[in-house]
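Next come the chains, spelled out residue by residue.
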Amino acid sequence: MTQYKIPVIPGDGIGPEIIAEGCKVIDAAGEKFGFDVEWVEYPHGADHYLKTGELISEDTLAELNRNPVIYLGSIGDPRVAPGVLEKGILLAARFYFDEYVNLRPIKLLEGVWTPIKDKTPKDIDFVVVRENTEDFYIGIGGKAGRGTSKDLLEVSRNLYSAKFGLDIETDSEEIAYQIGMISKEGTQRVISYAFDLAEKRKKHVSSVDKANVLSDIYGFWRKEFEAIAAKHPGVTTDFNYVDAMTMWFVKNPEWFDVVVTPNMFGDIITDLGAMVQGGLGLAPGGNINPKGTSMFEPIHGSAPKYKGQNKVNPIATIWAGAMMMEQLGEKEAADTIVSAIETNILQAKVRTYDMGGSSTTSDVGDDIARIVQGK
Ligand code: IPM
Ligand code: MN
């Protein structure tokens, strides 16, 4: 029997409830496919932070980094200022493990209602490859002010002194700025990943940018995209400005196969993608470092108002668990879990409120685990 040791970070809000169902379903698949998982739980999240003042330490990250995969619930809590936990735990982990691909399948399962009129599962089946370590997420910014470079101070003086008559000094707080940065290496690796993925799918890659306006940063992205596209003559491509992309996702989702996008645009369009595929309760994601540690999570947040109610939909988390098992090489178990999710949905008997049912989180987990075992 294959043994796996998988770190789990249930996190905040509904995190512990949904992750419990994900572990339950994977354990059921293990019984069927001959593997056993030892779940190693980590307490990181709001409670741990409020009790100890620690977000996640370098030692813990180093320890986690010795594992091929991590299973994560959700991070974020109203008792802590917005961004503290998200940046201090979730983004810290994505960056520390250098998980440069955020893989987010947008797939309408059979039997799921989509708000997009006249579209069926054969129209909505693509994957967003979101760059996950650069762009406006690098965490460099401030006020003029604190940490302002001389150049930036000069630029802001010229721009804003004339315009608003502001007196911008190093110790003033008249402007705020955030730096977006992408690199050749960082761009090439994620775009190459997208093309390799497309080679195994329908051989089409769509690039998302805003090269018409933010031309330095996203013009650079587009140039790298073109260079990599030239190495994949069998793959067709298109370019999309991010604003237009939000329209195409809704109007023509059938155009897409693999969509590759810089980090921040990827954040925005994957919430839209989640809705296209039936809602946030159904949208899984993987933070992938193909040669290192990958971390799997639902793309939704911690939904604090539903905490402890056994009410929310665990399917996104269970599906993320299937992606995790696939990453570990348990392809058959992963496929079986996804098809059990489809069966659960088609049977339409055990559903949470967001899908029009009245079953609980754990009812849905039980039902999918039962289907996985063929009972
Ligand atoms: C996501 C989330 C995160 C992000 C937040 C919680 C830091 O919105 O995974 O999409 O912006 O990446
Ligand atoms: Mn997001």
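Criteria and cut-off values
- Residues numbered from 1 in each chain as written.
- Chains lettered and ligands numbered in written order.
- Predicted model: local features only at pLDDT ≥ 70, side-chain atom pairs only at ≥ 80, totals over all residues.
- Helix = DSSP H or I, 4+ residues; strand = E, 2+ residues; numbered from the N terminus.
- Rg over C-alpha atoms; globule rule 2.2 N^0.38 Å.
- Buried ≥ 20, exposed ≤ 12 C-beta atoms within 10 Å, placed from the backbone.
- Contact = placed C-beta atoms within 7 Å.
- Near = placed C-beta within 6 Å.
- Nonpolar A, V, L, I, M, F, W, Y, C, P; charged D, E, K, R; others polar.
- UniProt positions renumbered as here; feature names shortened; annotations may be inferred.
- Domains from an automatic or database assignment.
- pLDDT = per-residue confidence, 0-100.
- Pairing = 2+ DSSP bridges.
- Axes fitted to C-alpha atoms, helices over the stretch in contact; angles between N-to-C directions.
- Core = buried A, V, L, I, M, F, W, Y, C linked by C-beta atoms within 7 Å.
- Parallel < 35°, antiparallel > 145°, perpendicular 65-115°, else oblique.
- Left-handed = near helix turned anticlockwise from the far one by under 90°.

K.L.:
I'd like a rundown of the overall build of the protein chain, residues and numbers included.
P.N.:
Summing up its helical and strand segments, the protein chain has 12 helices and 12 strands in all. Relative to its length of 375 residues, the protein chain is compact, with a C-alpha radius of gyration of 22 Å against a globular reference of 21 Å. Overall size of the protein chain, expressed as C-alpha extent along the three principal axes, is 70 × 55 × 40 Å. Expressed as a percentage of the 375 residues in the protein chain, the buried residues total 43%. Counting only contacts in the protein chain whose residues sit at least 6 apart along the sequence, the fraction spanning at least 24 positions is 78%.

K.L.:
Just give me the short version of the site of ligand 1, but keep the residues and values in it.
P.N.:
Looking at ligand 1, the residues that line it are Glu86, Leu90, Leu91, Asp267 and Ile299. No other element matches helix 4 (residues 84-96), which puts 3 residues into the shell around ligand 1. Among the residues making up the shell around ligand 1, the classes are represented as 3 nonpolar, no polar and 2 charged.

K.L.:
Explain the UniProt feature "domain: Isopropylmalate dehydrogenase-like" (unreviewed entry) in the protein chain to me, using residue names and the numbers behind them.
P.N.:
Residues given the UniProt feature "domain: Isopropylmalate dehydrogenase-like" (unreviewed entry) here are residues 5-368. Secondary structure over residues 5-368 splits into 43% helix and 18% strand, and the C-alpha atoms at its two ends are 22 Å apart.

K.L.:
Run through the domain arrangement of the protein chain, naming residues and quoting values.
P.N.:
Partitioning the protein chain into domains gives domain 1 (1-101 + 280-375), domain 2 (114-138 + 181-277) and domain 3 (141-178). Here the C-alpha centroids of domain 1 and domain 2 sit 25 Å apart. Every contact between the two is made by 12 residues of domain 1 and, on the other side, 12 residues of domain 2. Of the residues belonging to the side of domain 1 that touches domain 2, the class tally is 8 nonpolar, 1 polar and 3 charged.

K.L.:
Can you tell me about the confidence of the model for the protein chain, naming the residues and giving the values?
P.N.:
On average, residues of the protein chain score 96 in pLDDT, and 100% of them reach the 70 mark or higher. At the level of chain-chain contacts, confidence expressed as ipTM amounts to 0.99, with global pTM at 0.96.

K.L.:
Residue-level account of unusual backbone geometry, with values.
P.N.:
With a phi angle near 35°, alanine 303 is a residue other than glycine that sits in the positive phi range. As for its placement among the helices and strands, alanine 303 is situated in the loop between strand 12 (294-298) and helix 10 (315-327). Notably, alanine 348 is not glycine yet its phi reads approximately 55°, a positive angle. Within the secondary structure, alanine 348 is located in the loop between helix 11 (331-347) and helix 12 (361-372).

K.L.:
Could you give an account of the sheet that holds strand 11 (residues 284-288), naming the residues involved and the relevant values?
P.N.:
Spatial ordering of the open sheet is given by 2-1-3-12-11-4-5-10-8-9, a layout of 10 strands whose pairing is mixed. Both outer strands of the open sheet, strand 2 (35-41) and strand 9 (236-241), are each paired with one neighbouring strand and no more. Across the sheet, the axes of successive neighbouring strands diverge by a mean angle of 25°, strand direction being ignored. Both strand 8 (residues 204-209) and strand 9 contribute to a ladder of 6 bridges, which runs parallel. For valine 208, the partnering residue across the bridge sits in strand 9 and is asparagine 240.

K.L.:
Break down the nonpolar core for me, citing the residues and quoting the values.
P.N.:
Formed by 91 residues in total, the largest nonpolar core has its most connected members in Val25, Val129, Ala194, Ile337, Ile341, Ile368 and Val372. A total of 9 residues in this core trace back to one element, the largest contributor, which is helix 10. Residue contributions to this core reach at least three from each of two domains, namely domain 1 (1-101 + 280-375) and domain 2 (114-138 + 181-277). Dropping the residues within four chain positions of it, isoleucine 341 is found in contact with Leu109, Ile315, Ile318, Trp319 and Ile368.

K.L.:
Outline the packing of helix 10 against helix 11, supporting the account with residue identities and numerical values.
P.N.:
In the contact formed by helix 10 and helix 11, the axes pass within 7 Å of each other and the chain directions differ by 160°. It follows from the interaxial angle that helix 10 and helix 11 lie roughly antiparallel. Crossing geometry of helix 10 relative to helix 11 is assigned as left-handed. Contact residues: Ile315, Ile318, Trp319, Gly321, Ala322, Met323, Met325 and Glu326 in helix 10; Lys331, Ala333, Ala334, Ile337, Val338 and Ile341 in helix 11. Tallied by class, the residues present in the contact of helix 10 with helix 11 amount to 11 nonpolar, 1 polar and 2 charged.

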